[in-house]
Amino acid sequence: MRHKILITSGIIISLIVFITLAAYFFTQTGYFRRLVKNTAERIVSSSTGQSFKIGEVEGNFFYNIKLKDVMFDVGNESFVSVKELSVTYSIPRMLNTAELFSKVVPVDGLTVNG
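This is a predicted model, so every value here is computed, not measured.

Rules of the game
Residues numbered from 1 in each chain as written. Predicted model: local features only at pLDDT ≥ 70, side-chain atom pairs only at ≥ 80, totals over all residues. Heavy atoms only, no water. Core = buried A, V, L, I, M, F, W, Y, C linked by side-chain atoms within 4.5 Å. Buried < 20%, exposed > 50% of the residue type's maximum accessible area, 1.4 Å probe, protein only. Helix = DSSP H or I, 4+ residues; strand = E, 2+ residues; numbered from the N terminus. Contact = heavy atoms within 4.5 Å. Phe/Tyr/Trp six-rings, centres within 6.5 Å; stacked < 30°, edge-to-face > 60°.

With that settled, consider the nonpolar core. Counting residues in each nonpolar core, the largest one holds 10 residues, listed as F32, F52, I54, V57, F61, L67, V70, F72, V82 and Y89. Taken together, the elements giving at least two residues each to this core come down to β1 (51-58) and β2 (64-74). If we ignore the near neighbours within four places in the chain, the residues touching L67 are I54, E56, V57, K83, E84 and L85.

What follows is the structure, encoded as structure tokens:
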């Protein structure tokens, strides 16, 4: 009985490690970065009725995202243009039950260049 519990625990831990590594490597692919870029542009543009463009998405999606060449146009005029926007956050903190159901997204750091 004890042997089966150890084997089951080992398999579960191995699966968690495998899924975490797979998610990490998937978030580093060009496909995933384009998906994030296109989704963010579509959501912001449709919810504001204005033009929102991101040049490039970088970073490690587990704790940091960098958006490069961000442009937000109101009407046909440039409202905000940022060379680089970097957001640092903590996924475990976001998943904390006190933070999870609030309307506030906990951010550890925000850097704007240009």
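Turning to the packing of aromatic side chains, a few remarks are in order. Applying the stated criterion across every chain yields a total of 7 aromatic pairs. On the numbers, 5.3 Å between centres and 75 degrees between planes, the contact of Y24 with F25 is edge-to-face. Here the aromatic rings of F72 and F79 are separated by 6.1 Å at their centres, their planes lie at 75 degrees, and the arrangement is edge-to-face. Its relative accessible area of 17% is what places F72 among the buried residues. Feature note: the residues F26, Y31, F32 and F61 constitute an aromatic cluster, connected by ring pairs.

Keep in mind these values describe shape, not function.
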